[in-house]
Amino acid sequence: MAATLRDRLADVDARIADVATAAGRDAADITRIVVTKFHPASLVRELAALGVTDVGENRQQELSAKRAELTDLAGVRWHYIGQAQTNKARQIRQAASVVHSVDRERLADALDRAADEGAPVLDVLLQVNLTDEPGRGGVAPTDLEALAEHAAGCRTLRVRGVMGVAPLDEDPAPAFWRLREYAERVRGIVPDADWISAGMTGDFPAAIAAGATHLRIGSAITGPRPVRG
Ligand SMILES: *Cc1c(COP(=O)(O)O)cnc(C)c1O
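Attention here is on the structure that accompanies the text. Keep in mind that this is a model prediction, so the values were computed, not measured.

**Looking at the overall build of the protein**
Line of reasoning, step 1. Along its length, the protein carries 9 helices and 8 strands.
Line of reasoning, step 2. For 229 residues, the compact-globule estimate of 2.2 N^0.38 gives 17 Å, and the protein sits close to it at 17 Å.
Line of reasoning, step 3. With the principal axes as the frame, the protein shows a C-alpha extent of 55 × 40 × 35 Å.
Line of reasoning, step 4. With 229 residues in all, the protein has 48% of them scored as buried.
Line of reasoning, step 5. Sequence separation of 24 or more characterises 61% of the internal contacts of the protein that already satisfy a separation of 6 or more.
Line of reasoning, step 6. Total accessible area on the protein is roughly 10900 Å²; 49% of this is exposed by carbon and sulfur atoms.
Line of reasoning, step 7. Charge separation in the protein, taken as the distance between the mean sites of 28 positive and 32 negative side-chain charges, equals 5 Å.

Written out as structure tokens, the structure is:
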């Protein structure tokens, strides 16, 4: 019989627990975000019914549309994990509880300015480029401290840590250990910024070993993504 959503979720959680134990870590310190991109809003509802509290989306339009469709759904935190355009900052801010992909000062400023009067502080992570290619998204490691200082100065943002995507053509483990060093550099500026968002379906064990606190896992839980029409 085909594995159900419940089976896949339980299987991934068991693997997270095993790897955490092997790494001498407590699985309770690790937040498993289920990435639901390209799947219908109804999948988020199913996940919430299974106890999932954190979901991730990488496109602003899809995030906003799902939130609009699920206004009655309580107890779910929405993580924005995709590249963000400054002109979409308001929509992102309205729909997301956490933005993982702050990679430039202009984006930090745009998210800060997009705060409605009395809006809660927005948790943000600084995305660091773990590849040698400038186009891949994420701030260059050499510019990380400047970005951290800038974002820390944005009144309505709270810098929680760093985010990274492992390079496709490299063993993910050393990339995640580099990310851990970058997280420490950010903590030199924002001492309580202790989140590390790293690890996807193919590489989350390596991310846990390197200290990831937030895993972004899609297809291992949701099944293959529907092809975009
Ligand atoms: C899609 C996506 C993921 C999840 O990918 P899977 O391989 O399906 O687990 C994680 N992080 C980001 C930034 C993504 O866009």
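**Structural notes on the packing of helix H5 (residues 105-113) against helix H6 (residues 144-152)**
Line of reasoning, step 1. Following both chains from N to C, one finds H5 and H6 inclined at 15 degrees, their axes separated by 9 Å at the closest point. Classed by the angle they form, the pair H5 and H6 counts as roughly parallel. Handedness of the crossing formed by H5 with H6: right-handed. Of the residues in H6, those in contact with Glu105, Ala108 and Asp109 of H5 are Ala146, Leu147, His150 and Ala151.

**Re unusual backbone geometry**
Line of reasoning, step 1. Of note in this structure, Phe38 is not a glycine but carries a positive phi near 75 degrees.
Line of reasoning, step 2. Checked against the element boundaries, Phe38 lands in the loop between strand S1 (31-35) and helix H2 (41-49).

**Focus: the nonpolar core**
Line of reasoning, step 1. Within the largest apolar cluster, 65 residues are counted, with the highest numbers of intra-cluster contacts made by Val99, Leu111 and Leu126.
Line of reasoning, step 2. In terms of residue count, the dominant contributor to this core is helix H7 (residues 172-187) (6 residues).
Line of reasoning, step 3. Setting aside anything within four residues of it in sequence, one finds Val99 in contact with Tyr80, Ile92, Leu111, Leu122, Asp123, Val124 and Leu125.

**Examining the site of the ligand**
Line of reasoning, step 1. Taken together, Val35, Lys37, Asn58, Ile81, Met200, Thr201, Arg216, Ile217, Gly218, Ser219 and Arg225 make up the full set of residues near the ligand.
Line of reasoning, step 2. Lys37 places a side-chain nitrogen or oxygen 2.7 Å from an oxygen atom of the ligand.
Line of reasoning, step 3. Within the backbone of Gly218, one N or O atom sits 2.7 Å away from an oxygen atom of the ligand.
Line of reasoning, step 4. Protein chains bury 89% of the 390 Å² of accessible surface belonging to the ligand in isolation.

**Description of the pairing of S1**
Line of reasoning, step 1. In terms of residue burial, S1 counts as a mostly covered element, since 4 of its 5 residues are buried.
Line of reasoning, step 2. Alignment of S1 against strand S8 (residues 214-217), held across 4 bridges, turns out to be parallel. Across the sheet, Thr31 pairs through a bridge with His214, a residue of S8.
Line of reasoning, step 3. Direction of pairing for S1 relative to strand S2 (residues 54-57): parallel, over a ladder of 2 bridges. Looking at S2, one finds that Val35 is bridged to Gly56.
Line of reasoning, step 4. Read as a crossover between parallel neighbours, the route from S1 over H2 to S2 is right-handed.

Thresholds applied
- Residues numbered from 1 in each chain as written.
- Predicted model: local features only at pLDDT ≥ 70, side-chain atom pairs only at ≥ 80, totals over all residues.
- Heavy atoms only, no water.
- Helix = DSSP H or I, 4+ residues; strand = E, 2+ residues; numbered from the N terminus.
- Rg over C-alpha atoms; globule rule 2.2 N^0.38 Å.
- Buried < 20%, exposed > 50% of the residue type's maximum accessible area, 1.4 Å probe, protein only.
- Contact = heavy atoms within 4.5 Å.
- Areas by Shrake-Rupley, 256 points an atom, 1.4 Å probe, with all protein chains shown as cover.
- Lys, Arg positive; Asp, Glu negative; His and termini not counted.
- Charge placed at Lys NZ, Arg CZ, Asp CG, Glu CD.
- Axes fitted to C-alpha atoms, helices over the stretch in contact; angles between N-to-C directions.
- Parallel < 35°, antiparallel > 145°, perpendicular 65-115°, else oblique.
- Left-handed = near helix turned anticlockwise from the far one by under 90°.
- Core = buried A, V, L, I, M, F, W, Y, C linked by side-chain atoms within 4.5 Å.
- Near = heavy atom within 4 Å.
- Polar contact = N/O pair within 3.5 Å; in protein donor to acceptor, adjacent residues only side chain to side chain.
- Pairing = 2+ DSSP bridges.
- Right-handed = clockwise from strand over helix to strand, strands pointing away.

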